[in-house]
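# Architecture at a glance
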Amino acid sequence: MRIAILTSGILPVPAVQGGAVENLIDFYLEYNNQHHLHDITVYSVDDEEATRHPALQSAVNHYLFIDVRSFGAKIRKHFLHLLNKDEYYHYTIEYYFEESLKQIMAHDYDMVVIENRPGYGLKIPRKYKAKIVYHIHNDFLNAQSKDPQEVYDRADSIITVSEYIKSRVLTIDDLDKKCKTVLNGIDLKTFSDYHPQDRASFGLAEDDFVMVFSGRVIEEKGIRQLLFAMQELKEYPDIKLMIVGGTFYGNEMEESPFIQELRTLASSLKDRIIFTGYKPYREIPSLLALADIAVLPSIWDEPLGLTCIEAMATGLPVITTNKGGIPETVTPDCGLLLNVTDTLPHQLAESILQLRQDTVLRQQMGEAAKSRSLQFSKERYAKEFFEALESVAT
C-alpha cells in the first residue's frame, strides 16, 4: 500500500525532540524499513536536525517537511486564523494540516493514517478515495468531544493504544466495529543495554533507598502528591527521590506557579529530592537503573502508561495508580496500584515504606516487572499495527 502519515503537527518525525507519539511513529517506520511492507510518506513539521536524520535514507519511508517556522509561514498561519475562526484545533496545528492536505490530495494514497488528531478527518474530502485510519493515543474521541459522530463516521478504522481509550471511543457507538486496540511498545534493547550511572554523581549513597519518578513534571502526573508523601517520610533520611523530566518534551522545567510550589515543597526536604530536569531518552535507562523502585502516581486517566513499562523493563517494582490504561500494563505482581483519593499521599508513603522494608517482595516484583515488560516490545507493537492497517485494506 501507499500510505500517508499525518503526525500531530507539533513535534517532528524523526523524533529528534522526543514525544511519545513521535517515538511510536519512529518504531513502526523502523519496522517498515526492515521488512519493506509498504511505501510510506510521513508529513512532519520542519526541524533542522530531523532533516539530517539517517532515517531519511530509507527506500520505503519518505519524509516531507512542512514549513511552520519561517516568517512567511507565520504570516500565513495568522491569515488562516483570521479566515477560519471555527477551527477544530489550534490554528498552528490547523496550518500544518492544511499544508499537508494540499500535498496529500495531489497523490493517490491507498490509506491516510491520522496520528492522534481525529478532527483532521473532517477536512479530508469524501471524494478522496483513500481509507482513513485514526491512530488514537489520548482520550480525544468520545461522546463529549467536538462533533463526535461526524469525526467517528469519517474513519474507516480506528486503532487505539489501550482498551481504556477504546472504551472512550465506544461512548459514541457502543455497537462499534471499527475499533481495534494495539498496545504500545518500547525499545526493550535500550532498557537492557546501557551503562549504569554512578549514584555518587547525584549525591546518592549506595545504601540509600532511591525512588525515581520519570516523565513530564506536570500536575496530572501526581508529583505534588508524591512530594507530600515524602514529607510524611521525613524520619527516614535514607529515602531519596529523583525526579527525571521537564515540563514539556525536550524542555527543562519552565517556571510556573505549579513548579514554584514543587520547589517550595522540596526545599523543606533539602538534599533528599533531586531534580534532574529533562534528559534525552537514551539516558533514561541508566537513570532508572540507579533506583530501587519507580513511583509514578498519575492522577489522571493515563491512556496506557509508557513510563510504567519503561520502569518495568529496567526491572523496577512500580508504585502507581489504577487510572485509565495503567492496569493494562502494571499488574499486581509487578507493583502496587493505588486508588486516587484525597488519601493518595498517605497511601504512597505507606507503599514506599512497604517496599523499602520488604526486600523479598521488592525482588519478586522487579523480576515479574521485567518479565511482563517483554510483552511490550516495539517489534510486537509495529507488527500488530501493520496487521491492523492491512485488515482495513482487505
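So, here's what we can say about the structure. (Residues numbered from 1 in each chain as written. Predicted model: local features only at pLDDT ≥ 70, side-chain atom pairs only at ≥ 80, totals over all residues. Heavy atoms only, no water.)

### Examining the overall build of the protein chain
Secondary structure assignment for the protein chain yields 12 helices and 13 strands. Its C-alpha radius of gyration of 22 Å places the protein chain within 12% of the 21 Å reference for a compact globule of 394 residues. Across its three principal directions, the C-alpha atoms of the protein chain cover 65 × 45 × 40 Å. In the protein chain, which comprises 394 residues, the proportion classed as buried is 56%. Sequence separation of 24 or more characterises 67% of the internal contacts of the protein chain that already satisfy a separation of 6 or more. Of the roughly 17100 Å² of accessible surface on the protein chain, 51% is carried by carbon and sulfur atoms. Computing the positive centroid from 41 side-chain charges and the negative centroid from 57, the protein chain places the two 4 Å apart. (Helix = DSSP H or I, 4+ residues; strand = E, 2+ residues; numbered from the N terminus. Rg over C-alpha atoms; globule rule 2.2 N^0.38 Å. Buried < 20%, exposed > 50% of the residue type's maximum accessible area, 1.4 Å probe, protein only. Contact = heavy atoms within 4.5 Å. Areas by Shrake-Rupley, 256 points an atom, 1.4 Å probe, with all protein chains shown as cover. Lys, Arg positive; Asp, Glu negative; His and termini not counted. Charge placed at Lys NZ, Arg CZ, Asp CG, Glu CD.)

### Here's the deal with the pairing of strand E11 (residues 293-296)
Taking every second residue as pointing to the same face, both faces of E11 are buried, with Ile 293 and Val 295 on one and Ala 294 and Leu 296 on the other. Across two bridges, the pairing between strand E8 (residues 209-214) and E11 is parallel. Across the sheet, residue Val 212 finds its bridge partner in E11, namely Ala 294. Examined bridge by bridge, E11 and strand E12 (residues 318-321) share three bridges and lie parallel to one another. The residue bridging Ala 294 from the neighbouring strand is Val 318, located in E12. A crossover links E11 with its parallel partner E12, the connecting element being helix H9 (residues 306-313), and its sense is right-handed. (Pairing = 2+ DSSP bridges. Right-handed = clockwise from strand over helix to strand, strands pointing away.)

### Topic: the packing of aromatic side chains
Going through the model one piece at a time under the given rule, you end up with 11 aromatic pairs. Plain terms: the ring middles of Tyr 31 and Phe 386 are 6.2 Å apart, the flat faces sit at 20° to each other, and that makes the pair stacked. Note that Tyr 31 is positioned in helix H1 (residues 20-35) and Phe 386 in helix H12 (residues 378-393), a separation of 355 residues in sequence. The two residues Tyr 31 and Phe 386 agree in class, both being buried. Through pairs of rings, three or more aromatic residues link up here, namely Tyr 28, Tyr 31, Tyr 381, Phe 385 and Phe 386. Across from the ring centre of Tyr 152, 4.4 Å away, lies the NZ or CZ of Lys 178, which sits over that ring. Note that Arg 263 overlies the ring of Phe 275, its terminal NZ or CZ placed 5.7 Å from the centroid. (Phe/Tyr/Trp six-rings, centres within 6.5 Å; stacked < 30°, edge-to-face > 60°. Lys NZ or Arg CZ within 6 Å of the ring centre and 35° of its normal.)

### Side note on the environment of Ser 145
By the secondary structure assignment, Ser 145 is in the loop between strand E5 (131-136) and helix H4 (148-154). Among the polar contacts made by the side chain of Ser 145, one reaches the main-chain carbonyl oxygen of Asn 142 at a distance of 2.7 Å. (Polar contact = N/O pair within 3.5 Å; in protein donor to acceptor, adjacent residues only side chain to side chain.)

### Focus on the layout of surface pockets
Taken as a whole, the second largest pocket spans an internal volume of roughly 220 Å³. Contributing to the lining of the second largest pocket are 13 residues, with Ile 10, Val 45, Asp 46, Val 68 and Arg 69 lying nearest its centre. Along the lines of polarity and charge, the residues of the lining of the second largest pocket split into six nonpolar, three polar and four charged. (1 Å grid on protein atoms, 1.4 Å probe; cavity = no way out; pocket = protein on both sides within 12 Å on 5 of 7 lines; lining within 4 Å. Points joined across faces, edges and corners; volume = space filled by probe spheres on them. Nonpolar A, V, L, I, M, F, W, Y, C, P; charged D, E, K, R; others polar.)

On their own, these measurements won't tell you what the molecule is for.
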